[in-house]
Amino acid sequence: MMSEEIQKLFNTMLNRTVRFVRLTGNSLIIYCDCEPGNLKKGYSIWLEPTWHYRNSIEVITGSRAAQTEDETEHEKIVGYFKQLYGKAINKLTIEPITNDLHIEMDEGIIIRTFVSDPCDEESWQIRDINKGIRIIGNPMTIQTIKDEV
């Protein structure tokens, strides 16, 4: 069961649009209503491995594919995320038991985390830059942290 605070944040993120996507190694960061370095407003969703990205027909890529050491292959994977730019978030949910994050966007796009190790310290993080709040999820718990100013 999601806390009221988390549900409130998820509701404020609905219809926010993706402005930038960063693939760092095999960690994925999605920026809504902001870009990297913008510390005044917006939201970021940081997905630690493991995650996958799919549409209504197929799995497009995942965190394991992004582990490649091949620079050309990595750039190809980064290119898949260009189609997210300008897309709105339609639904955010947390799966019971695993605490996996499930993000639904326009055109049937879904990005979700999934547990590969029940002891992982962090599976995902959502940051509300406006309010200085971070919600961190892992297979054991979900916690809300107020950033120091």
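Since this is a predicted model, take the numbers as computed values, not measurements.

### With respect to the sheet that holds strand β2 (residues 27–32)
The strands making up a sheet associate through backbone hydrogen bonding, with each pair oriented either parallel or antiparallel.
Step number 1: Strand order in this open sheet of six strands is β1-β2-β3-β9-β10-β11, and the pairing throughout is antiparallel. Each of the sheet's edge strands pairs with one partner strand only, and the pair in question is β1 (18–24) and β11 (142–146). Each strand of the sheet is rotated relative to its neighbour by a mean of 15°, with strand direction disregarded.
Step number 2: Both strand β10 (residues 133–137) and β11 contribute to a ladder of five bridges, which runs antiparallel. Across the sheet, residue arginine 134 finds its bridge partner in β11, namely isoleucine 145.

### With respect to empty space enclosed by the protein
Step number 1: Applying the stated criterion across every chain, the model contains one cavity of 30 Å³ or more.
Step number 2: By volume, the largest cavity is sized at about 40 Å³.
Step number 3: Around the largest cavity, the lining residues are Pro49, Thr50, Thr113, Phe114, Val115, Ser116, Asp117, Asp120, Ser123 and Pro139.
Step number 4: The residue inventory of the lining of the largest cavity, partitioned by class, reads four nonpolar, four polar and two charged.

What counts, and where the lines are drawn
- Residues numbered from 1 in each chain as written.
- Predicted model: local features only at pLDDT ≥ 70, side-chain atom pairs only at ≥ 80, totals over all residues.
- Heavy atoms only, no water.
- Pairing = 2+ DSSP bridges.
- Helix = DSSP H or I, 4+ residues; strand = E, 2+ residues; numbered from the N terminus.
- Axes fitted to C-alpha atoms, helices over the stretch in contact; angles between N-to-C directions.
- 1 Å grid on protein atoms, 1.4 Å probe; cavity = no way out; pocket = protein on both sides within 12 Å on 5 of 7 lines; lining within 4 Å.
- Points joined across faces, edges and corners; volume = space filled by probe spheres on them.
- Nonpolar A, V, L, I, M, F, W, Y, C, P; charged D, E, K, R; others polar.

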